[in-house]
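Results of the structural survey
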Amino acid sequence: MNATAPRRLMLAALLMAAPALAPQAQAQNRGEVAVYSARHYDTDRRLYDAFTRETGIRVRLIEGDADQLVERIRTEGANSPADVLITVDAARLARAKDAGVTQGVRSAVLEQRVPAGLRDAEGHWFAVSQRARVIMYDKTRGVPQGLTRYEDLASERFRGQICVRAANHPYNVSLAASILAADGQEATEAWARGVAANLARPPQGGDRDQFRAIPPGQCTLAISNTYYLGHFGASQNPADQALFQRIGVIFPNQGAGDRGTHVNISGVALVRTSPNRDNAVRFMEFMTTPEAQQIFALGNMEYPVVAGVPLHPALVAMGEFRAEPVHATQSAENAAEALRIMQRAGWR
C-alpha cells in the first residue's frame, strides 16, 4: 500500500538528515546492496527477502520521493552508499540519467529479458513492471459510445462525467506528455480544455477514489491505473469484489495504426558511484527473474516486463491490450509543458 502522508514527510526528513557512509564504511559492506526506492509497497519486501535468500546479499532499503532520492545521491557525491535507484515513472528515470547519478549497465541477462522498448538504449535503466492508464466506466450503464481513445475524453458528449486526480500527479503529467508528443501542442491544449470542461467534480484523491465515485453517480467515467482496480479484484472482501465486477475497463488507442495504451513503468538503475556494483547488477537482474516478476504480477497487480509470466486473474479479466512504446527522454522533456497546458486549461 502507499505510504501515508505523515510517513512520506518523515521519510523526506530522514533522507535529508541521514549522513552518508564514509568510504571506509562502504568498503565493509560487500554483503549488502543499498537500494534507494520511490516505491512504497509492502509486496516489495517479498522481492528483497527473496533476493537475499537466493544470493545471501542483504538489501539495505531507503525509501522516499524520487526527486528527493536523486538529490540525496547528488549531495552525497562519491561517498554515497546508494547502489540501485528504483522509481515509478519513466520520466524520472530519464531525469536521473540526465542528472548524472546513474551509469550504463551491459548485462546479457537484462538485455535478453527486458524488451528494447522497456530499457534505456545505453543501459542506464531497465523497466521491471508496468501499469496501464485506462478509462473506467460503469458496466451497469453499458460501454460508453464514442470513447475509444484518450482524445475522445475531450468530446462534448462527456460533459460533467469524468473523475480524475490532480493534474500535477506524475501519472497525469506522463499521460499528457505522451499526448503532447503524439498530437502536438495545439491539439493537446484543446484536449486539456475539453477534459477540464468534462470534469464531474474538482480533481481530488487518488486513483482508487476516481472509480469508487462511479457507483454512487458522482461521475460515469474515471481515469486510473489498472493495478488499483486489480487490488479490488484480488480482495477477499465481498464489497471490493462487487466493485471490481461493476467497473469496466477501456484500453484506449487500440485501433490499427494507433499508438496503444499509455503505460507507466517502474524501473531500476545502477547508481554511478555504486560501491557494490556487482551486487547491484545481481539485484537488477534478479528483478527480472520469473520469481520476482510473479511477485510484481500476482502480489501488486502490475504487468510484468518479461514475456511468459502469468498474470493475476483480476488483470486477465480486464482484457488484453497493446501498449504505447515507452519514450522516457521524450516524456521528461515534455513533462513541464504538459503540466502547464493542463493547468492553463483549468485542470488543477
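Please read these numbers as outputs of a predicted model, since none were measured by experiment.

Criteria and cut-off values
- Residue indices follow the written sequence of each chain, beginning from 1 at its first position.
- In keeping with the model being predicted, local features are shown solely for residues with a pLDDT of at least 70 and side-chain atom pairs are shown and tallied solely at 80 or more, while totals for entire chains, interfaces and linings include all residues.
- To get the side-chain values, take all heavy atoms of the structure and skip hydrogens and water.
- Salt bridge criterion: a side-chain nitrogen from Lys or Arg within 4 Å of a carboxyl oxygen from Asp or Glu.
- Only runs of H or I of at least four residues qualify as helices and only runs of E of at least two qualify as strands under DSSP, and these elements are numbered from the N terminus.
- Three exposure classes are used, based on accessible area relative to the maximum for each residue type with a 1.4 Å probe and protein chains only: buried under 20%, partly exposed in between, and exposed over 50%.
- Side-chain rings of Phe, Tyr and Trp, where Trp is taken by its six-membered ring, are said to pair if the distance between their centres is within 6.5 Å; with planes under 30 degrees apart they count as stacked, over 60 as edge-to-face, and otherwise as tilted.
- Here pLDDT means the predictor's own confidence in every residue, given as a number from 0 to 100.
- The contact criterion used is simple: two residues touch if any of their non-hydrogen atoms lie within 4.5 Å.
- As used in this structure description, the phrase polar contact means that two N or O atoms lie within 3.5 Å; if the pair is within protein, one of them must be able to donate a hydrogen and the other to accept it, and residues adjacent in sequence are counted only when both atoms belong to side chains.
- Any helix carries an expected span of 1.5 Å times its number of residues minus one.
- The arc refers to the directions leading from the helix axis to the C-beta atoms.

Let's talk about the pattern of salt bridges
Under the counting rule described, the total for this entry stands at 23 salt bridges. Taking the shortest distance from any N to any O, the salt bridge between Glu 76 and Arg 72 comes out at 2.6 Å. Of the two residues, Glu 76 and Arg 72 are both situated in helix α4 (residues 66-76); the distance of 4 residues between them amounts to about one turn of the helix. Residue Glu 76 is classed as buried on the basis of its relative accessible area, which comes to 10%. Assessed through its relative accessible area of 5%, Arg 72 is described here as buried. One continuous salt-bridge network, built from bridges that share partners, spans Arg 149, Glu 151, Asp 258, Arg 259 and Glu 324.

Some thoughts on the packing of aromatic side chains
Following the criterion strictly, the structure yields 9 aromatic pairs and no others. For the pair Tyr 41 and Tyr 227, a centre-to-centre distance of 5.9 Å together with 85° between the ring planes defines the contact as edge-to-face. Placement of the pair is Tyr 41 in the loop between β1 (32-37) and α3 (43-55) and Tyr 227 in helix α10 (residues 226-234), with a sequence separation of 186 residues. For Tyr 41, a relative accessible area of 7% puts it in the buried group. What makes Tyr 227 buried here is its relative accessible area of 1%. Ring geometry for Trp 191 and Trp 347: centres 5.8 Å apart, planes at 55°, overall tilted. Here the residue Trp 191 occupies a position in helix α8 (residues 185-197), and Trp 347 occupies one in the segment after α15 (328-344), the gap between them amounting to 156 residues. The buried category is assigned to Trp 347, whose relative accessible area is 0%. Taken together, the ring pairs connect Tyr 48, Phe 51, Phe 283 and Phe 286 into an aromatic cluster.

Quick word on the confidence of the model for the protein chain
Interpretation of this model should avoid reading the predicted coordinates in detail wherever pLDDT is low. Looking at the protein chain, pLDDT values average 92 and 91% of them are 70 or higher. Scored below 50 in pLDDT, residues 1-29 makes 42 contacts in the model with residues more than four places away or belonging to other chains.

Quick word on the side chain of Ser 235
Tracing the backbone through its elements, the reader meets Ser 235 in the loop between α10 and α11 (238-246). Its relative accessible area of 17% is what places Ser 235 among the buried residues. One polar contact links Ser 235 to Asp 240, side chain to side chain, over a distance of 2.8 Å. Sequence-distant contacts of Ser 235, defined by excluding residues within four places in its chain, comprise Asp 240 and Gln 241.

What to know about the side chain of Glu 151
If you trace the backbone, Glu 151 turns up in the loop between β5 (126-138) and β6 (162-163). There is a polar contact of 3.3 Å between the side chain of Glu 151 and the side chain of Asn 253. Filtering out sequence-adjacent residues up to four positions away, Glu 151 remains in contact with Asp 183, Trp 191, Asn 253 and Arg 259.

Section: α3
Between its first and last C-alpha atoms α3 spans 19 Å; for 13 residues at 1.5 Å apiece the expected length is 18 Å, and the two agree. Considered for burial, the residues of α3 that qualify are Thr 43, Asp 44, Leu 47, Tyr 48, Ala 50, Phe 51 and Thr 55. The buried side chains of α3 occupy one side of the element, clustering within an arc of 160° when seen end-on. Among the structural elements, β1, β2 (58-63), β3 (84-87), α12 (277-286) and α13 (290-299) are those in contact with the buried residues of α3. Note on α3: the residue one or two positions beyond its end, Gly 56, has a positive phi of about 80°.

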